[in-house]
Amino acid sequence: MATAARRTQGASASAKSAAAKSAAGKSPSKGRAAKGAATNAPTLSKEEELHAYREMLLIRRFEEKAGQMYGMGLIGGFCHLYIGQEAVVVGMQMASNDGDQVITGYRDHGHMLVTGMDPKGVLAELTGRRGGYSKGKGGSMHMFSKEKQFFGGHGIVGAQVPLGTGLAFANRYKGDDAVSLVYFGDGAANQGQVYESFNMAALWKLPVVYVIENNRYAMGTSVTRSAAQSDFSKRGISFGIPGEQVDGMDIRAVREAGARAVEHARSGEGPYILEMLTYRYRGHSMSDPAKYRTKDEVSRMREEHDPIEQVRRRLIGEFGVPEDELKGIDGQIRKIVNEAADFATSDPEPDVSELFTDILH
Amino acid sequence: MPIDVLMPALSPTMEQGKLAKWLKKEGDTVKSGDILAEIETDKATMEVEAVDEGVLAKILVAEDTDNVAVNTPIAIIAEEGEDVSAAASAGPSAAKVEPAPAPAQDGAPAQMAAEGMAAEPAGSAPTGGTEPVARPAAPAVMRPEGVYDATQEIPAGTELVTMTVREALRDAMAEEMRRDETVFVMGEEVAEYQGAYKVTQGLLQEFGARRVIDTPITEHGFAGLGVGAAFAGLRPIVEFMTFNFAMQAIDQIINSAAKTLYMSGGQLGAPMVFRGPNGAASRVAAQHSHDYAAWYSNVPGLKVVMPYTAADAKGLLKSAIRDPNPVIFLENEILYGQSFPVPKLDDFTVPIGKAKIHREGTDCTIVSFGIGMTYALKAAHELEGEGISCEVVDLRTIRPMDSETVVASVMKTGRCVCVEEGFPQSGVSAEIATRVQADAFDYLDAPVARVTGKDVPMPYAANLEKLALPSVAEVVEAVKAVCYR
Ligand SMILES: Cc1ncc(C[n+]2csc(CCOP(=O)(O)OP(=O)(O)O)c2C)c(N)n1
Ligand SMILES: [Mg+2]
């Protein structure tokens, strides 16, 4: 399965895989987690697979519900779904510790759910209600939980990269051993402030892992049309930042590479770059018809590399988990999501007095 | 329980769409993620995915049906284990159809059109765009000597065609690109995607990839590159997907584009346009709703244009492209889809720096620009019914500001209310008020009033967003206050 994933991803960006091979010797990467055949793939225990299954399914069902509610006019503005990319945040979460910080852009629902933020509060923020994480004032793109060390939720492409580097700076300054996980897209990777951040992070050996979620498109622009160096794991070379490309559809590969990167950062060796090769099934946001890619490309990813389906098959085939047990999990998750939806639609809008609060302390 | 599949909204402003095609038929099994149907809106074709699992028990809206309202049940799904025929005959469960919340803005498209401000058919009586509305009871208006008369921009008898602001902007760029080989457009998603808001639709097809250029997401980089190209003799049109993202690039806009002519002693300037949607859209929250009119209007070396009608959008964009200076051209996402009469002329331009009396009146001057005009015009309309005659001045250009036209109007009416969506402190209204009190102090019967966005970052929640924006009621109230009514 892992081999198949590699082949498809390589084939769809042939220029990229050729470049990756020829320059492989120069890459500072310690290893390419997903490169090997299925037999070499890192493994997870049954408990870990079950955990991953549950977490990824929660994101999937949550996002489907959000999409449906958007269609009903219950969610407004922009709404960017994470469907297809679930293995990235779940694997990284499995590789990190409580107390490590997370920061990302606007495609943030999955990141929040894995930090343990309450689906009710996240969905109520999407509907703009008072029980939302930002009291309804931030919406889908702008949500935070200091308690869970989730620092947003940012609408400006690339802005989270210096911010996340600053979180790492604070960790080192304070002398604690937390690591900052900074997520951004293939499109965001072209912003200048990313490289300003890389330089400072490497210069000051900051404990930060840059997770580039390469889902092949920034809105309607494919990576090949926007990136001179489309192997993003190499974007740190001139700063001496090690990087690797990871099969972001395979939770095992993500967890393994994530653990290596987090350990590197935590041990004081400085920043690390993980390029997650992943895919978003839906349009960029709800109003994107996604005409820039073929239906075939989307359905092939869904059918052959779905991160949740991969785990499901292993649970049944390798760990002998009865299908009924998985159905039971599915039922529990639907229940959580439906309860969140009930809350998010019945909770009142913020009180009008909230208009003028929280502007200054 | 059978589940209703509802007609989805695919964008914040969508109210209805066409159900183009069913990809599943009655009796088919469906699971989460399956594509059920395709729907079309004016902008795009989209797929409807299933969220629930079961059997498609009944199709309620046949394919190829136009104008299906958002949230109408379009099909019924019987859940696993349910009796399909019973579900099919049960009909849609009305209780599950939740009404969409009211549009977040007073200025929502449907209402604006209904109000008659926007879509006047071509050639009909006094139009929103061209001639002043004559009120039979109004005393004859004397136009002071030397004040600009915008009615002369369109020669009498010119045919008017109805088009959207979006189309007018596109036509302006296309005409200028045909006319001048050095003009090119650059920005995120402007070429192959045809513009994030479809403003550059068709330009790639006509002018090719050399002149219609998709950039990476690197605003500071491509804005600076544009300034450099302008130094070297090209005439770039730099599109920002929205002006919120131009904050990434503001150093190049101000330190390089605006100041170089001066710093080089007049040798070198940046003849270029920075354009894109500005201000609040619908429910896009604080980081995507900023109105930058006041910011850019603060900077010498820039011109700042913010049109309301499609005709002005077209005529002013053509002038901006030809202007030898950097021009900030502030558009508005909500106005893009609004229709207005536009003169059918081979080369229609509107001069930068000239305001327009959009509606004549005698009791109070309302000064506004861009989408602020929607509040101003609706308020004027409402006040007319209460016997208060408002003159509505559309600034069109913020910098250089046509204070002459404003002051002349205030001299006539004795009262002035400024309307804008931007923040109050150091806003455009503050500038207008300063000029009016300096130049028409003796004519004022009341202090200048302003109606602005509230002094808060834009909230996401629908109820708060509505409160954060100006409203027609606030304009009406302000006018009454200065009229002591
Ligand atoms: C500075 C800035 N420029 C442009 C945008 C508009 N925009 C929002 S998302 C996006 C695409 C980003 O793509 P990528 O970084 O690949 O992330 P993905 O959406 O694929 O998760 C763009 C251009 C923005 N929000 N901020
Ligand atoms: Mg992307």
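As the structure is a computational prediction, the values presented were derived from the model and not from experiment. (Residues numbered from 1 in each chain as written. Chains lettered and ligands numbered in written order. Predicted model: local features only at pLDDT ≥ 70, side-chain atom pairs only at ≥ 80, totals over all residues. Heavy atoms only, no water.)

A. Local environment of the overall build of chain A. Secondary structure summary: chain A contains 13 helices and 7 strands in total. Split into buried and exposed, the 361 residues of chain A put 62% on the buried side. Roughly 13,400 Å² of accessible area belongs to chain A as shown, and the carbon and sulfur atoms make up 52% of that amount. (Helix = DSSP H or I, 4+ residues; strand = E, 2+ residues; numbered from the N terminus. Buried < 20%, exposed > 50% of the residue type's maximum accessible area, 1.4 Å probe, protein only. Areas by Shrake-Rupley, 256 points an atom, 1.4 Å probe, with all protein chains shown as cover.)

B. Local environment of the packing of helix H3 (residues 46-71) of chain A against helix H13 (residues 323-346) of chain A. Residues and elements named next belong to chain A. Across the interface, H3 lies against H13 with an axial gap of 9 Å and an inter-helix angle of 40 degrees. Considered as vectors, H3 and H13 are oriented oblique to each other. As H3 packs across H13, the resulting crossing turns out to be right-handed. (Axes fitted to C-alpha atoms, helices over the stretch in contact; angles between N-to-C directions. Parallel < 35°, antiparallel > 145°, perpendicular 65-115°, else oblique. Left-handed = near helix turned anticlockwise from the far one by under 90°.)

C. Up close: the coordination of the magnesium ion (ligand 2). Coordination of the magnesium ion (ligand 2) by the protein comes from Asp186 of chain A (OD), Asn215 of chain A (OD1) and Tyr217 of chain A (O), over a distance range of 2.1 to 2.2 Å. Each donor residue of the magnesium ion (ligand 2) lies on one chain, and together they are spaced D-x28-N-x1-Y. (Donors = N, O, S within 2.8 Å, 3.2 Å for Na, K, Ca; no water.)

D. Up close: the sheet that holds strand S1 (residues 3-6) of chain B. Ordered in space as S1-S8-S6-S3 (chain B), the 4 strands form an open sheet in which the pairing is antiparallel. Of all strands in the sheet, those with a lone pairing partner are S1 and strand S3 (29-30) of chain B, marking the two edges. (Pairing = 2+ DSSP bridges.)

E. Structural detail: the site of ligand 1. Taken together, 22 residues surround ligand 1, and among them Tyr106, Arg107, Ala188 and Asn215 of chain A together with Glu219 of chain B come closest. Bordering ligand 1 are residues originating from chains A and B. In the environment of ligand 1, a nitrogen atom lies 2.8 Å from a nitrogen or oxygen atom belonging to the backbone of Gly155 of chain A. For ligand 1, the accessible surface in isolation is 580 Å², of which the surrounding protein chains cover 96%. A per-class count over the shell around ligand 1 returns 10 nonpolar, 8 polar and 4 charged. (Near = heavy atom within 4 Å. Polar contact = N/O pair within 3.5 Å; in protein donor to acceptor, adjacent residues only side chain to side chain. Nonpolar A, V, L, I, M, F, W, Y, C, P; charged D, E, K, R; others polar.)

F. A nonpolar patch on the surface, seen in detail. Residues and elements named next belong to chain A. Among the surface-exposed residues, Phe169, Tyr173, Met200, Leu203 and Trp204 lie close enough to one another that they form a single nonpolar patch of about 570 Å² accessible area. Mapped by element, the contributors of at least two residues to the nonpolar patch are helix H7 (160-174) and helix H8 (192-203). Along the chain, Phe169 turns up in helix H7. What makes Phe169 partly exposed here is its relative accessible area of 39%. (Patch = residues over 30% accessible without salt bridge, like charges linked within 9 Å, V, L, I, M, F, W, Y side chains within 5 Å. Salt bridge = Lys/Arg side-chain N within 4 Å of Asp/Glu carboxyl O.)

G. Highlighting the pattern of salt bridges. Under the criterion given, the structure shown has 56 salt bridges over all chains. The partner of Asp231 of chain A in a salt bridge is Lys234 of chain A, and the shortest N-O contact between them spans 2.9 Å. Note that Asp64 of chain B is salt-bridged to Lys18 of chain B, the shortest N-O span being 3.2 Å. Residue Asp64 of chain B is found in the loop between strand S6 (54-59) and strand S7 (65-69), and its partner Lys18 of chain B is found in strand S2 (residues 16-22); the two are separated by 46 residues along the sequence. Under the relative-accessibility criterion, Lys18 of chain B is labelled partly exposed at 22%. Within this structure, Glu175, Glu176, Arg179, Lys314, Lys318, Arg322 and Asp347 of chain B form a network of salt bridges that share partners.

H. Just the UniProt feature "domain: Dehydrogenase E1 component" (unreviewed entry) in chain A, in detail. The UniProt record marks residues 55-352 of chain A with the feature "domain: Dehydrogenase E1 component" (unreviewed entry), using the residue numbering of this structure. Summarising residues 55-352 of chain A: 45% helix, 10% strand, and an end-to-end C-alpha distance of 36 Å. (UniProt positions renumbered as here; feature names shortened; annotations may be inferred.)

I. Fine view of the confidence of the model for chain B. Residue and element names in this part refer to chain B. On average, residues of chain B carry a pLDDT of 89, and 89% of them reach 70 or more. Across residues 94-141 the pLDDT falls below 50, and counting only partners more than four positions away or on other chains, this stretch makes 99 contacts in the model. For this predicted complex, the interface confidence reaches an ipTM of 0.85, while the overall pTM sits at 0.85. (pLDDT = per-residue confidence, 0-100. Contact = heavy atoms within 4.5 Å.)

J. Structural view of the sheet that holds strand S17 (residues 356-359) of chain B. Residue and element names in this part refer to chain B. Here 5 strands make up an open sheet; going across it, the order is S17-S19-S18-S21-S22 and the pairing mixed. At either margin of the open sheet sits one strand with a lone partner, and together these are S17 and strand S22 (449-451). Shown here is a sheet whose adjacent strand axes are inclined to one another by a mean of 25 degrees, direction ignored. With 3 bridges connecting them, strand S21 (residues 416-419) and S22 associate as parallel partners.

K. Spotlight on empty space enclosed by the protein. Counted under the stated rule, the structure contains 6 cavities of 30 Å³ or more. Space inside the largest cavity adds up to approximately 80 Å³. Lining the largest cavity are Phe78 of chain A together with Tyr197, Thr242, Asn244, Pro277, Asn278, Gly279, Ala280, Ala281, Val284, His288 and Glu333 of chain B. Counted by class, the lining of the largest cavity contains 6 nonpolar, 5 polar and 1 charged residues. (1 Å grid on protein atoms, 1.4 Å probe; cavity = no way out; pocket = protein on both sides within 12 Å on 5 of 7 lines; lining within 4 Å. Points joined across faces, edges and corners; volume = space filled by probe spheres on them.)

L. Spotlight on the packing of H3 of chain A against helix H4 (residues 86-95) of chain A. All names here are of chain A. One can describe the packing of H3 onto H4 by two numbers: an axis separation of 9 Å at closest approach and a directional angle of 135 degrees. On the basis of the axis angle, H3 is oblique to H4. The hand of the H3/H4 crossing is right-handed. Across the interface between the two elements, Glu48, His51, Ala52, Glu55, Met56, Ile59 and Arg60 of H3 pack against Glu86, Ala87, Val89, Val90 and Met94 of H4. Its residues assigned to classes, the contact of H3 with H4 comprises 7 nonpolar, 1 polar and 4 charged.

M. Representation of the packing of aromatic side chains within the structure. All names here are of chain A. Tallied over the full model, the rule gives 16 aromatic pairs over all chains. Ring centres of Phe198 and Phe239 lie 6.1 Å apart, and the angle between their planes is 80 degrees; on these two criteria the pair is classed as edge-to-face. Separated by 41 residues along the polypeptide, Phe198 in helix H8 and Phe239 in the loop between helix H9 (223-226) and strand S6 (243-247) bring together distant segments of the chain. Centroid distance Tyr217 to Tyr292: 5.2 Å. Interplanar angle 45 degrees. Geometry classified as tilted. (Phe/Tyr/Trp six-rings, centres within 6.5 Å; stacked < 30°, edge-to-face > 60°.)

N. Inspection of the nonpolar core at higher detail. By size, the foremost hydrophobic cluster in this structure holds 107 residues, and its most contacted members are Phe184 and Tyr210 of chain A together with Leu317, Val417 and Val479 of chain B. Each of two domains, domain 2 (127-137 + 148-343) and domain 3 (356-482) of chain B, supplies a minimum of three residues to this core. Ignoring any residue separated from it by four or fewer positions in sequence, one finds Val479 of chain B in contact with Cys364, Ile366, Leu383, Ile388, Cys390 and Val417 of chain B. The next biggest cluster of nonpolar side chains, apart from the first, holds 73 residues, and it includes Leu58, Val102, Met112 and Met301 of chain A. (Core = buried A, V, L, I, M, F, W, Y, C linked by side-chain atoms within 4.5 Å. Domains from an automatic or database assignment.)

O. Broad picture of the interface of chain B and chain A. Every contact between the two is made by 56 residues of chain B and, on the other side, 57 residues of chain A. Where chain B abuts chain A, roughly 4,400 Å² becomes buried across the two surfaces, and 56% of that area is made up of carbon and sulfur atoms. The tally of links from chain B across to chain A stands at 8 salt bridges. In this structure, Arg282 of chain A and Glu49 of chain B form a salt bridge, with 2.7 Å as the shortest nitrogen-oxygen distance. Connecting chain B to chain A are 25 residue pairs in polar contact (both at pLDDT 80 or more). (Buried area = accessible area lost by both parts, 1.4 Å probe.)

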